[in-house]
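# Descriptive analysis of the structure
If you want the building blocks of each chain, they are given just below.
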Amino acid sequence: MLLKPSRWPIEIMRLRRVHQSYPYRQELEWCHFCRERHTPPEAAPVFRLPLDLGLRIVSFLPFSDRCALNASCRHLEKFVTNPVAARVRHTLREFGLDPGPFLESMQYHGAVIGGIAALRIFVEDVPMPRVLEVYTRQGHPDLGAPNQEEYDDDDPSADRGNGYRLVETAIFTYGKCQLLGYQHYGANVEKILRMRNSTLDREILFVQSRVPPIELIIEAPTTLLMNFITSNDAVCLYPDLTERRKGLLTLPIPDDRSSTLDVPVLDTLAGFRLYMFGNATQAVGRHRCPLHPSCPAVPRAYPDLLMYTVRFTDAGGYGSRLAESTWTLKVPSPCGSTERIEQRIGGPINWP
Ligand SMILES: [Zn+2]
Ligand SMILES: [Zn+2]
C-alpha cells in the first residue's frame, strides 16, 4: 500500500480551490496593458507573490511550460522575459557594451550572438565566457563610443569602440577553426575579425558569414551550441535536449575513436557537466521516428514552434527579421540503424 487512505481527505482539502464567482465580462475592468477586459491581476494567486519568488518558481519549470506561460497571458510573460532580458543585458555589460545601442545595431546588421554566451542564457550555471561570438552577414554591429568613424583600417591600434582593437583577421580555414574551437568549420565563414579589449580582458569575434547566420549556427558541432540571441529574442533550437544538459554531436566519430577528433569547444562543454552523444537514440531516448520533437530526422525550420523562443525586447525600428531557414540535422548515427556505433561508444563521450 503506497498511500494511507486516512490521509486522503486532508490532502484533498488542501488542494480544493476557494470558490470564486466571476463577474460578467462587461463588468470587468479594461486593462490597458493587454487591451482586453479581465479580472484584476491581483485576483490570481501567482501575482500576489513577491516578484522574485514568482521568478524563482518559474525558473524550475521546463522550457515547454515556460513557453506556455509566455504565450498564455501578457501579465505572465514577465516571469519568462524578465530573467532572459536581464541575462542578455548582463552579458553585454560584461563585455563593456551598452545593451540598448548594441542590440539595435545587431538588428540593423541582422546579426546574432552565438556560442557559449547564448547557451548560458538557457543553462544558467554555464560560466560567462571570455569571448563573445557575433555572427553577421555583412559588416558588424557598432561597438559603441568612442567609435572613431575615421579610423585607419590598417592601424591595428585604433580603438574601434569601447576599447576594442582589431588584433587578427582570420581568412583561412585553420585560423577560423582555431578561433572558434571547431574542427570542421566551413566554407560558409568568410572571415573572422578578432577584437580585443585588454583592459576588460574580453574578446569579441565578428564571424562574417556567406549565408544567413542561422545556417552557421546549425553547422555547430553539437546541438548544445545551437542557441542564439537576436536583437529581440533568445532562441534555443533544441530545447528538450538542452534542458536535460544533453547535446547531439553533428561530427562524424571515427570508428576507432582515434585522436583525430580534436574539437576544443566540446572539451569546454564537457567541463560544464554537459553530455554529448553521437547516437541519436541515446541522446533523445527510445522514440518513434520522427515523432519525438528532438529526433534528428525531423525536418526543422526557423522560426518554428519546436524551438524555445523568448522575446525579451521590442527594441529597434529597422524591422529587419532574420532570414528563415530549414534543415535536417546531420548526425553521425541516425535513429534506427544505430546498433554498431552504440556498442562501440556506449554512454556519454568523455573527451580526453
Ligand atoms: Zn491585462
Ligand atoms: Zn528519431
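Residues numbered from 1 in each chain as written. Chains lettered and ligands numbered in written order. Predicted model: local features only at pLDDT ≥ 70, side-chain atom pairs only at ≥ 80, totals over all residues.

Counting along an α-helix, one turn takes 3.6 residues, and residues three or four places apart therefore face a common direction. Among the eight residues of helix 7 (residues 115–122), eight are classified as buried, and the element is accordingly described as predominantly covered. Within helix 7, burial applies to Gly115, Ile116, Ala117, Ala118, Leu119, Arg120, Ile121 and Phe122. Where helix 7 is buried, its residues contact helix 5 (77–94), strand 3 (112–114), strand 4 (131–136), strand 8 (227–229), strand 9 (233–236) and helix 10 (239–243). (Buried ≥ 20, exposed ≤ 12 C-beta atoms within 10 Å, placed from the backbone. Helix = DSSP H or I, 4+ residues; strand = E, 2+ residues; numbered from the N terminus. Contact = placed C-beta atoms within 7 Å.)

On to unusual backbone geometry. For the bond running from Cys289 to Pro290, omega is -10°, close enough to zero to count as cis. Tracing the chain through its elements places Pro290 in the loop between helix 12 (280–284) and strand 12 (300–302). Of the consecutive residues Tyr302 and Pro303, the connecting peptide bond is found in the cis state with omega at -5°. For Pro303, the location among the structural elements is in the loop between strand 12 and strand 13 (308–311). Phi angles above zero are rare outside glycine, and Arg35 is one such case at about 55°. Considering the arrangement of structural elements, one finds Arg35 in the loop between strand 1 (30–31) and strand 2 (36–37). Here Arg273, not a glycine, exhibits a phi torsion of approximately 60°, which is positive. By secondary structure assignment, the location of Arg273 is in the loop between helix 11 (264–271) and strand 11 (275–277).

Right, let's talk about the environment of Pro332 for a bit. On the secondary structure map, Pro332 appears in the loop between strand 14 (325–327) and helix 13 (339–345). Pro332 gets classed as partly exposed once you count the C-beta atoms within 10 Å, which come to 18. For the pair Pro332 and Phe277, spaced 55 residues apart in the sequence, the C-alpha separation amounts to 9.7 Å.

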